[in-house]
Structures are given as C-alpha cells and as structure tokens.
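Examination of the molecular architecture
For reference, the chains in residue letters:
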Amino acid sequence: AATEWNVSVWGKRRAFTEHVEKLAELVSDKTNGEFTLNISYGGLSKNKENLDGISIGAFEMAQFCAGYHRDKNPSITVLELPFLGVNTLEEEVAVSHAVYGHEAAQKDLARWNAKLLMTSPMPQYNIVGTGEPRDAVAEFKDMRVRATGGIGKAFSAVGAVPTSVTATEAYNAMESGVVDTVAFAQHAHLAFGTINRAEWWTANLNPGTVNCPVVVNTDAYEALSDAERTALDSSVDEAISHYLANYGALLEKWDAVLEEKGVTKVMLPEAELAAFRATAADPIREQWIKDMEAQGIPGQELYDLVVKTLEDTRAGN
Amino acid sequence: MAGNAAVLEDGSLISRLDRKLLKLEQVFALISGLAVFSLMLMAVVSVAGRNTMNAPLPGYVDWIEQAMPLIAFMGIAYVQRDGGHIRMDIVIGALRGRALWLFELISVLLILVLMLALVWGSWSHFSRSFDFAAPLWSRDSSIDIGLPIWPAKLLAPVAFAVLCLRLLLQVWGYGRAMVLGLDTPVAVPLIQDAAEQAAAEAEQLSGHDNDAIGGQG
Amino acid sequence: MEPIEIGLWVTSFLLVLVVVGMRVAFAAGLAGLVGLIWIFWAKFGYSPDKFGKALTVSVKIAGQVPHSKVSSQALSLIPTFILIGYLAYYAGLTRALFEAAKRWIAWLPGGLAVSTVFATAGFAAVSGASVATSAVFARIAIPEMLAIGYNKRFAAGVVAAAGTLASLIPPSAILVIYAIIVEQDVGKLLLAGFIPGAFSAVVYVLLIVGIALVFKNVGPPVKGFTWRQRFEALPGALPIVFVVVIIICFVYNPFGGDAWGTPTEGGALGAFVVFCMALWRGMRWGEFKSALLETAKLTVMIFTIIWGVLIYVRFLGFADLPGAFSDWITSLEMSPMVILVCILLAYAVLGMFMDAIGMLLLTLPVVYPAVMALNGGESVAAADSAFGMSGPMCAIWFGILVVKMAEFCLITPPIGLNCFVVAGVRDDLSVQDVFRGVMPFFIADGVTIALLVAFPSIVLYLPSLAQ
Ligand code: NA
Ligand code: NA
C-alpha cells in the first residue's frame, strides 16, 4: 500500500521550508507516488511542540529550532553558541550534520523517538537598529536588543539589555522603542518587517545563529520499505542543495533590499569584533560545556567536533 | 445561552460534599484571579523598569506564558459547579422532570469521559517535560530565559482532576434526581430561564456598582 | 473513509451535541477527540488490535492542546481587558460617565438616549465585554429615561444596542480572540475597531435623533445645565480618557513619533490606572476579591471554549477540512463579493442561535482561510486582490465585519443576550418589549455593516497609518 507521511512545519512556505518541499517532491518522484509527504503549515502542532508530536507519533516528520526549548535538546544547542565562526550556509550545513551524526546528539533526540534527518541552515544573525549606527562594542552598552538564547547572552556580556518580545511583536517593539535593535536572520528581518523600521544593519557582527533540524519519527522510519528509505535518504543532499541555492538568491537580493529601504550597512572593525568575542564567546562557551558535562553530555567533545569540522570544511574548499 | 444557575443546598451527604469541594474550587479560582492581577503588575514593573532604569523585566514574555495556565485552568471546576460554561439551552430548556435529568446526566457523563482522557493526555504532556535526572527536573524550558515549563504543564492535569471530581458529584446529583424523580435536586446547577438568569447576573453587577457609588456618597 | 468525510461526520456530531445542550467547550473538545481517534484508527486500517494505539496517540495529541494554546502572550490581553471592566464598576466610572454625557449633550432631541450611547461608547473604551456593559447601563440609564417620560421599549432598546459597542471599540476580548485564531497582529485589529465602533455609535445617534424628531413622545430633550455643572461632571470621567489615551499610544502614537510600548503592555497599564482609581474611590479587599473572582470566572469560561474548540481545530488540521472548504469556496462561479455577503448572512442566521465567541471559534478556522483565498491569498497585493486590499488588510477588514455581525447577533431574537440582560434588570420590561424596542437598531446595524463592506477604508484607515 502507499505510504503517507504527515510533516509538521509552521508559518508560511518560505526559504526556511524549501528543503522540506523539495524533499517531498523528490521522494514522491523516486517512488512513483507510492511514498508521499503531506506538509502541514501549523495545522498539526505548535512549533514549540513538534518534538512532542514526533514522540507521540502524531506525525512522521517535523522541523523545530533547538533554541525554542534548550532543555528538550541540550546537545545540539552547541550549534547555537555565540561566535562559532561559521561564515557560510555551506559551513553551517557541515557543522550541523557533523553534530547530528554524533552519538550524544542521537541519544538526546532518541528520547523523543526522533532521528535527525537534515538541518535548515540559517545565516548568522545580525542586528538592525534605529538611530546612530553602533559600530563599536562600547556602544552596545545599555542597548535594548531583541535576541534570545546564546546570542542574547553574548549581548548581555557586553552590557546590552536583552529584552523579551515575541518575534511577531518585534516590529511593534522596535517602533515603540521597547527595543533599540533586533537580531534575526535576513529572511526573518524581511518576514517580520523589522527591516522596514531599520536605519542600519550590521553586516559582519555574526554573533551566532539558531539551529533548526528536520527530524523523523524513528518507528515510522524503520517501518519504511527499503526502496522508500533509500528514496528518502538519497534525497536529503539534493533537498539541501536546493535550499542553499534558494536562500543564496535571497541573500544576493539583500544588498538591493538594504539600498531600497535606505539602510546603512555597518562593518565593525576587526579589533572591535575581537573584543566582543573575547568578552562574550569564551565565558559562555565554558559555562555551556560545564553545564553539559554535569548532565553527562560530552560538551567539550561536541564543541571540538564543531571546530574541527569547520577547519576541515575550509581546508576542503 | 449561557450563564449562571442556582445550586440548591441542604444537609444531605451530596450537598455537604458539594460545599466542601466548592471551598477548594473557590481557592483555585481566586489563585486564577490573582494571576490576572500579577499580569498587570508585571507590565507595570517592566514598563517602569524600562523607562526609568533601562531595566525591563528579564524574560517578561516567558513569565506571562508561565502565568497563563494558572489563569486559564484553575477556575474550571468552579465555573462548572455553577453551570457557568456556555451552552445552548433552547432544547434542554424545554425539557422537564426525568427527561431533563436524563439529558443532563448524559451530558455530564460525556464531559467526564472527555476530561478523564484529558487528565491522561495532559499528564503525559507534563511528564514529557519532567525528568528527575535533569537540572531543575526540566526537560522543557522557555525560549528566552530558560524557565522550566513543567510546573505550568502540571496545572492542567491538576485542575482537570478537580473538574473530574466535580463531574462525578454532578453525575450522582443528576442520577439521583432522575431515579427519584426530583423537581429541585441539590448540588447541581438548575436551569433558570434566560430572563431569570440575566436578572441574576445583572443583580450581581449592579450590586457592585451601587456599593462603589454608595461608598462615595 | 477519507479524512474529509470523517471531518464532515464529526462536525455534524458536534452540531448535534451543541444543539442538545452540551456545554460548547466540552462538546468541541469531545468531537475533536473522537475525530482524532477515528482518523488515526482509519490510518491504521481499522484493525481491532490497533484501536488502543489510535486512542493513545489521539488522547496525547488532545492533551497537549490546553497548555500549548493558552500559553500565549497575545491571549493574556483577554483577562486583562476583563479585569479592567470589573475594576471600572468599583471605580464608579459608569455613573460618572453617564452624568457627564447627560450634562453635555442631553439637550439634543432624544437627549438622554443620545447621552446613553455616548456614555456607553466611553465605557466601551475600558470594557471588553458587551453583555456586562448593557447590564450596567440598564441600571443607570433606563430609570432616568423613564422618569422624563420615555417610551420604555425604546429606552430598553437603546441600552441593549449601545452595549454592543463594547466589542468593537478597544479593548475588546472578542477582537483578541479573532486575532489569535487567524494569527494576525492584535494591535492593528484593536486599532481597526476604533473608527467602526465610533461610526456605529454615530449611526445609532442619528437614528435616535431622527426617531425623536418624528415621534415627539419618544424622548424629550433635557436642558438647563449650566456650564459650571457641565465642567464639574468631567473629572469623574477623566480616567476613561486617560485609559483610552494610554491604550492608543501603546498601539500607535497619534501625536507623531514612536508608540509607547506594545499592545499587551498598554492593556495592562490601562488596568493599573483603573485599579488605582478604584482604590482611591474606596475599594476594599472584599470588593477586590469579588472583582478577581468574577474576572477569573469569565476568563476561565472563555479559555475553556478556546482550548476546547482548538482540540476540534487540531482534528480539522489532521482531516484537512479547512483546505477542502477553501478550495470549494474559490471554485464557486460567483463573484467574491456575493460570496462574502452570503458568508455574512450565514453568520447573521447562525448568530440568532449561538453565542458570539463560540460562533467565531467554531467557524473561523474553516471560513477565514476561504475568505483569504477568495481575496487572492494571504500575501496578495492590493492591486491583484478581489476586494482591493492586501492579504493582511483583508484579514483586519473581515475581522471587524465578523465581530460586528457577532455583536448584531447579541440583539436579534430569539437568543439575544443583551436583550435578556436588559429585561432581567427591569421588572417592568419583558424580553419581548426589549426585542421590540431594539428593532430600529437592526436597521442602524444593517446600514453600518453595508457601509463597512462598501467602504473598507472606514476600517482600514487607522491600521494603514500604523504600517
Ligand atoms: Na471595548
Ligand atoms: Na441573537
């Protein structure tokens, strides 16, 4: 009989979900329509509960972000540490998939009956702001910034004030001065309209990003026929390539967007970036490793894996 | 369509249990009201902190999300006790005597089935976020400041369990009324016709208003 | 059986449960749970040994919904708005408003009735619930109108109709609920309610003045207040102005420059102002406790419906019924405007029998995507759309239309809650009297709705400024 999988993602179809759409297309083609993925945008679960849904068996595939609920998936939050030094989407894919392949991450997600399939690579977050461009670390002091997780911690290390607003309220919050700046990836600055309010955007601050894997329900995965499983596994790389090409096009348009909206591109001097990294990156990473080791998760090993993968990827190019 | 109804009381066992449970329900409902009040205070603290000391309440959104289940669930049995959950009573309002009690009985039994299932389901939701081995027993945390979510998730099965107790009492109450053919059974909300009920509601409101005004002359 | 067929069967089952008088929240939750079990069992091929698995999965899915759906910052506006309304009673704001309105504008034909509409509109700016608003003004305004020889049916009709303003003029619990269901910006929707709410009030006033001019015995004007008396009445009503300014400024700053904060903060600060006012007017712990308990009761009632219906909506998601309905609507060979008018008429009929919040929660998950599709999709540009407005603007416009329909239903027989409440307050008025008295206002509401449909800019002017 035909196999139908339900896939839970959220929001609207956008650059962030293109690999899932492509995967559905490829899998159906390769199995002559015998194996189909029905992608639901928010109909099956709330985004923060996609892992719960996988664990229950409510649907077979889902996307989520590690930072939504650090305690659900502590191991992969290594990928959200500030200033990992990831520069391109390709590097983001490489480090994510290396971590997903690590035993500790797999064990972590196995508690949710979930198997890591692929990542949804996000570019480094950067901040948009109003008023005078802030191009020195000293100017981050007392700046109210909408940033969560590791990025929020990094800003708070240099004296900024992370301020709690939901992504959908980010525009309002900026308009009303509740925050001075908002940290997002480019597609989110567009989607939530923060770019329309911005006077400047940091092009090279690159404090970090969020990590959003796509997972499958382990039982459902194992119940696939060999042909179906091959169709699925063999489509991942192509789906990711499609995603990269698509997001790359968006990034290419980005400069034009900045120009159209009259947004200044701020480049921080290398010395300032180094000062930011020294203050924010090391203590947060060390604390993270300590917390992980205390829970029996090999934090140091995971971090080293990220660094090594990054080196290897660059050497390979 | 909606609204409150009268619950009669006497010295019988079921009525005494009803009043005991009511005390618990009232405490829960008051907690819910205080949680609403805390929303207001949090906003004041956050806005004032932001504008005076550049120090908004850290994790403001996370705290609100933690308070919401308190507000949303804790009073659920209290409202069921008075028959306050909205329904359409055109059909059931036309029934009298045993036929009425039969319909009410079936209706509460169905609610009981649903709520037992939801105690199970919401408990399972809670237990996925709870782990004795983890720091703060937390397997699920909030997005901004990483608050453990299990306490908020636990509120659902707790409040629903109290509702199940209330429903058991109502099953007993309506069942008794049906078997004995009572006109005015105790411990269950009696349907008032829409006008009586509106009068009761308006009475309550205007009572407040008069007091407040009267206090000022 | 196809998921969509299951969806239709379960929806019929839900309607039966609601009609025979099961509490709406639980009827929806039960229908959703039954539907989920059915869908999963069907997925497992109805094999008897798999029923347990279908049950477990469904119960766990349903069990997620209550916590998951109520833990929302946007929903926190609902209890805040309700609390403002209750605290306002203790602060004596209602009577103060009526007194001020009377001294300033009762010299018009139908003067006291006009004052009632204005005072109600003012109170609507702190109260989020229509029924409570009618109940209060029935107590305050009707006796004064009867004392100077008003027709009692007319007096009752005025109060019942004016109460509906509370749900358009922000704060409004029902607009927040709409925003949550359709995932739109709460702030913009609240903002959008202002002009249609004020517009409805003006239409009511014109109607009253017209009636008073034609039928001399309906409502004589009240004259003779000195300017001194007029100004003396103002301070008591000032907190309302203050709250309104706060809420507006937290959504969109009309004085130019930045807004002051987010809508959530604005609502909470408004409540705080009224709370201080109530304290100052002598509110004590006993009264405060009743206000908290009443707030808790109304809030829990609304939230139970919300999560109950959302269990059903989750089931609809698995059955993909909204998608199917939307495809069907867009495939109809009628002009989008005709279809929209049919949808609004359907709401008028449904609203005769159903409660406003229940009605919106039950229908919107299916109807809203269809209306958006009709306009050309969520992200359509104004130029390419059927109704001449962008996707987000269409969401706001339809929201105001639907809420106005829901309010209209509060005064239509046979179940018009506002009319019941007014009749309940007055021993000398039957429900039939109130329904008769409110009938002229059907025309006013009909005119208002027609104008809002024909001239969407009435609704969209303010939100478009806040872009
Ligand atoms: Na209002
Ligand atoms: Na009606």
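Okay, so let's go over this structure. In this text the structure is predicted, and so the values were computed from the model without any measurement.

Some points on the overall build of chain C
Check the secondary structure of chain C and you find 21 helices and zero strands. In terms of overall dimensions, chain C is globule-like: its C-alpha atoms have a radius of gyration of 23 Å, near the 23 Å expected for 467 residues. Taking the principal axes of the C-alpha coordinates as reference, chain C spans close to 80 × 55 × 50 Å. Intrachain contacts of chain C at a sequence separation of at least 6 include 75% that bridge at least 24 residues. Computed over 25 positive and 23 negative side-chain charges, the inter-centroid distance for chain C is 12 Å.

Some thoughts on the layout of surface pockets
Residues and elements named next belong to chain C. Taken as a whole, the second largest pocket encloses approximately 720 Å³ of empty space. The wall of the second largest pocket is formed by 26 residues, among which Thr11, Leu350, Leu362, Thr363 and Val367 lie closest to the centre. Counting only elements with at least two residues in the lining of the second largest pocket, the list comes to α1 (3-19), α14 (285-319), α15 (321-331), α16 (336-353) and α17 (356-375).

Some words on the interface of chain A and chain C
Contacts between chain A and chain C engage 24 residues on the former and 26 residues on the latter. When the two sides are added together, the surface that chain A and chain C hide from each other amounts to roughly 1,900 Å², 46% of it contributed by carbon and sulfur. Connecting chain A to chain C are one salt bridge. The closest approach of N and O atoms between Lys43 of chain C and Glu60 of chain A, which form a salt bridge, is 2.7 Å.

Here's the deal with helix α1 (residues 18-30) of chain A
Residue and element names in this part refer to chain A. Between its terminal C-alpha atoms α1 stretches 18 Å, which fits the 18 Å expected from 13 residues at 1.5 Å a residue. Taken together, the buried positions of α1 are occupied by Glu18, His19, Val20, Glu21, Lys22, Leu23, Ala24, Leu26 and Val27. Packing partners of the buried residues in α1 comprise β1 (3-9), β2 (35-41), β3 (61-63), β4 (114-119), β10 (213-217) and α10 (226-261).

A short note on the packing of aromatic side chains
Throughout the structure, instances matching the rule amount to 41 aromatic pairs over all chains. When the centroid spacing of 6.3 Å and the interplanar angle of 45 degrees are considered together, the rings of Tyr312 of chain C and Phe315 of chain C count as tilted. Taken together, the residues Tyr312 of chain C and Phe315 of chain C, both in helix α14 and three residues apart, mark about one turn of the helix. There is no split in this pair, since Tyr312 of chain C and Phe315 of chain C are both buried. Every member of this aromatic cluster is reached through a ring pair, and the members are Trp123, Phe126, Phe130, Phe132, Trp137 and Trp150 of chain B. Looking at Arg229 of chain A, its charged tip hangs above the ring of Tyr221 of chain A, at a distance of 5.7 Å from the centre. Taking the ring centre of Phe44 of chain C as reference, the NZ or CZ of Lys50 of chain C above it sits at 5.7 Å.

Scoring rules and cut-offs
Residues numbered from 1 in each chain as written. Chains lettered and ligands numbered in written order. Predicted model: local features only at pLDDT ≥ 70, side-chain atom pairs only at ≥ 80, totals over all residues. Heavy atoms only, no water. Helix = DSSP H or I, 4+ residues; strand = E, 2+ residues; numbered from the N terminus. Rg over C-alpha atoms; globule rule 2.2 N^0.38 Å. Contact = heavy atoms within 4.5 Å. Lys, Arg positive; Asp, Glu negative; His and termini not counted. Charge placed at Lys NZ, Arg CZ, Asp CG, Glu CD. 1 Å grid on protein atoms, 1.4 Å probe; cavity = no way out; pocket = protein on both sides within 12 Å on 5 of 7 lines; lining within 4 Å. Points joined across faces, edges and corners; volume = space filled by probe spheres on them. Buried area = accessible area lost by both parts, 1.4 Å probe. Salt bridge = Lys/Arg side-chain N within 4 Å of Asp/Glu carboxyl O. Expected span 1.5 Å × (residues − 1). Buried < 20%, exposed > 50% of the residue type's maximum accessible area, 1.4 Å probe, protein only. Phe/Tyr/Trp six-rings, centres within 6.5 Å; stacked < 30°, edge-to-face > 60°. Lys NZ or Arg CZ within 6 Å of the ring centre and 35° of its normal.

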